[in-house]
Amino acid sequence: MKYVVIGAGGTGGILGTQLAKGGNDVTLIARGAHLAAIKERGGLFVDRVWNGTAETISVKACTMDDYQDTPDVVLVCVKGYSIAGVVPFIERVAGPHTVVLPILNIYGTGGKLQAMLPNVDVLDGCTYLYAEIKEPGVILQSGPYCRIVFGPRDHNIDVPIYQQMKRDFDASGITGELTAHIQRDALQKFSYVSPVGSTGLYYNAVAADMQKPGEARDCFIAMVREISALADAMGCPFDHDVVPDDLAILDGIAPTATTSMQRDIADGHQSEIDGLIYEVVRLGEEYHVAVPTYAKVAEEMKRRGL
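Residues numbered from 1 in each chain as written. Predicted model: local features only at pLDDT ≥ 70, side-chain atom pairs only at ≥ 80, totals over all residues. Heavy atoms only, no water.

Turning to the pairing of strand 7 (residues 99-102), a few remarks are in order. The side-chain alternation of strand 7 yields two buried faces, one formed by Val99 and Leu101 and the other by Val100 and Pro102. As defined by bridge partners, strand 6 (residues 73-76) adjoins strand 7 across four bridges and the pair is classed as parallel. Considered in strand 7, the bridge of Val73 is made with Val99. (Buried < 20%, exposed > 50% of the residue type's maximum accessible area, 1.4 Å probe, protein only. Helix = DSSP H or I, 4+ residues; strand = E, 2+ residues; numbered from the N terminus. Pairing = 2+ DSSP bridges.)

Here it is as structure tokens:
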């Protein structure tokens, strides 16, 4: 199958290169200095700080304007605030059987993108992956995780192309989990990515600060529990206590790791703070669930003018 990956940052860069290494037909959609560096090097350089290995992985790359093929699968790996900007591209390149899989930090992105693309099959998905652009043409991977959880909102996973996607992921060193309960499973991922980003931002913390007992780790755990309470109220309860799972992920990443929300705000760029922090407060109000830790963090972010 032909894969196009919109966004060649930490998530898209790792997933795209893994799929390419697995022998799949992959094109990264990139731009600017990052695209120029990929083309000059003949691929994307991946520095895996978690195990000390590094390599340049050959993969096709171009801009949206230059892509003229019809993909079987579109992986959307941009920030939540950029979703609307990819819609015209997908409308142009998608064929009648193209599947779109958004893999973002923000919960519920698939449903929102489906409303913008009513004639395209849009799934929901999330990934467990810690990586970032170190410099143009270079991706820094801070942890061993490379896992995609994906599926349709109608629970019907017995679709040949979905099954083929899982096989392609698995054969490329990506753990592919095709689930009939994607809304619950995506919310479970959100129960990690939102607390870790929120805690890191609130305390100006790196992973090491949350990997040891103390106030930052306690804040992270409290936020995970508040997301779990929301899952119960939203009718998609987790089937087990996710706190140990989320702590295991946190403890397995490089001690110096930070989140993309922290880095974006530190660099003065647009961030996903609305979807990762303020949206949880809104959901608490909507579903009548107390989220005091999120409320405290949200108030501090407003005080900082974020």
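Right, picking up where we left off after that structure.
So, about the packing of aromatic side chains. Under the criterion given, the structure shown has six aromatic pairs. For the ring pair Tyr107 and Phe190, a centre distance of 6.4 Å and an interplane angle of 50 degrees mean the geometry is tilted. With Tyr107 in the loop between strand 7 and helix 4 (109-116) and Phe190 in helix 6 (residues 182-203), this residue pair connects regions lying 83 residues apart in the sequence. Both residues of the pair, Tyr107 and Phe190, belong to the buried class. Members of the aromatic cluster, each reached through a chain of ring pairs, are Tyr3, Phe150 and Phe169. Seen from the ring of Tyr128, Arg147 lies directly overhead, with NZ or CZ sitting 4.2 Å from the centre. Positioned over the ring face of Tyr128 is Lys189, at 5.4 Å from the centre of the ring. (Phe/Tyr/Trp six-rings, centres within 6.5 Å; stacked < 30°, edge-to-face > 60°. Lys NZ or Arg CZ within 6 Å of the ring centre and 35° of its normal.)

Now for the environment of Ser260. If you trace the backbone, Ser260 turns up in helix 10 (residues 260-266). For Ser260 and Thr293, which are 33 residues apart along the polypeptide, the C-alpha to C-alpha distance reads 21 Å. If we ignore the near neighbours within four places in the chain, the residues touching Ser260 are Lys79, Asn105 and Glu272. (Contact = heavy atoms within 4.5 Å.)

Just distances and angles here, no functional claims.
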